[in-house]
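These are the residues of each chain, in order.
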Amino acid sequence: MSQEESGRYRAGQTALLTTVAEAEPLVEHWRRRFDASAAAGVPAHVTALFPFLDINLISAAVIADLATLIAGHDPFAVRFGECGRFPDVLYLAPAPDRPLRALTESIAARWPEAPPYGGQFAGVIPHLTVAHGQPSRVFDEVEEELAHRLPVTATISSVSLFVSDGRSWRHHTEFPMLGASGNTPLRQPSSE
């Protein structure tokens, strides 16, 4: 998920994110300085689908469908061992990235009205944004600092629905990835 400024998010906008708590100690400082989504309350993450449906379109049936779809995916380990760049973004590259791509593809196939990044890009490249909208020299500095502290490994075992109020984001619902392990109850929306 990436927007140039947190003020560019719309109230009611939603995102499906795989949060990566294990990366937070490494990237928190940089994300607070150089990624507006961090200041808006979004933790370190790899986007599963953004933007998703507006919150007023997310019914109990949509929640149930999301829970079932995401539960069909197996949890997996991922390693962030190097940085990558888009023209305006410095990110940590996950390996393997195929399970993240499969997750995005399955959600987008179920809700074609919500293509990844609004259909802005031909393909989706899973990534954990560290800095956005900065000059190359800033990206160089951040990358050099991160290189000494990589790799970071994490387990991706759920997808979280986040909702924007136009200024900040809050966690709404968490959907566990269960694969062949069976049915564990959906983690209910937070009370915020």
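Residues numbered from 1 in each chain as written. Predicted model: local features only at pLDDT ≥ 70, side-chain atom pairs only at ≥ 80, totals over all residues. Heavy atoms only, no water.

A. Focus on the pairing of strand β8 (residues 169-176). Extensive coverage of β8 is indicated by the burial of six of its eight residues. Bridge count between strand β7 (residues 158-165) and β8: seven bridges; the pairing is antiparallel. Its bridge partner being in β8, Val163 is matched across the sheet by Arg170. In textbook terms, the turn of a hairpin is the stretch between consecutive antiparallel strands, and for β7 and β8 this stretch comprises three residues, one of which, Gly166, has a positive phi near 105 degrees. (Buried < 20%, exposed > 50% of the residue type's maximum accessible area, 1.4 Å probe, protein only. Helix = DSSP H or I, 4+ residues; strand = E, 2+ residues; numbered from the N terminus. Pairing = 2+ DSSP bridges.)

B. Geometry of the pairing of strand β6 (residues 152-156). Burial along β6 is one-sided: Val152, Ala154 and Ile156 are buried, and none of Thr153 and Thr155, which face the opposite way, are. Where strand β3 (residues 76-86) and β6 come together, five bridges link them in antiparallel fashion. Looking at β6, one finds that Phe80 is bridged to Val152.

C. Layout of helix α4 (residues 98-110). Over its 13 residues, α4 runs 18 Å from end to end, which matches the ideal 18 Å to within 8%, given 1.5 Å per residue. Inspection of α4 places Leu100, Leu103, Thr104, Ile107 and Ala108 among the buried residues, and these make up the whole buried set. Projected down its long axis, α4 shows its buried positions confined to an angular sector of 120 degrees, all on one face. Along its buried surface, α4 packs onto β1 (11-19), β2 (45-49), α3 (60-71), β3, β4 (89-95) and β7. (Expected span 1.5 Å × (residues − 1). Arc of directions from axis to C-beta. Contact = heavy atoms within 4.5 Å.)

D. Structural detail: the sheet that holds β6. Read across the sheet, four strands follow the order β5-β4-β3-β6 without closing on themselves; strand pairing throughout is antiparallel. Edge positions in the sheet fall to β5 (128-132) and β6, since each of these pairs with one other strand and no more. Averaged over all pairs of adjacent strands, the angle between strand axes in this sheet comes to 35 degrees, irrespective of strand direction. On the sheet, helix α5 (residues 136-147) packs against β3, β4 and β5 and is oriented at approximately 150 degrees with respect to β3. (Axes fitted to C-alpha atoms, helices over the stretch in contact; angles between N-to-C directions.)

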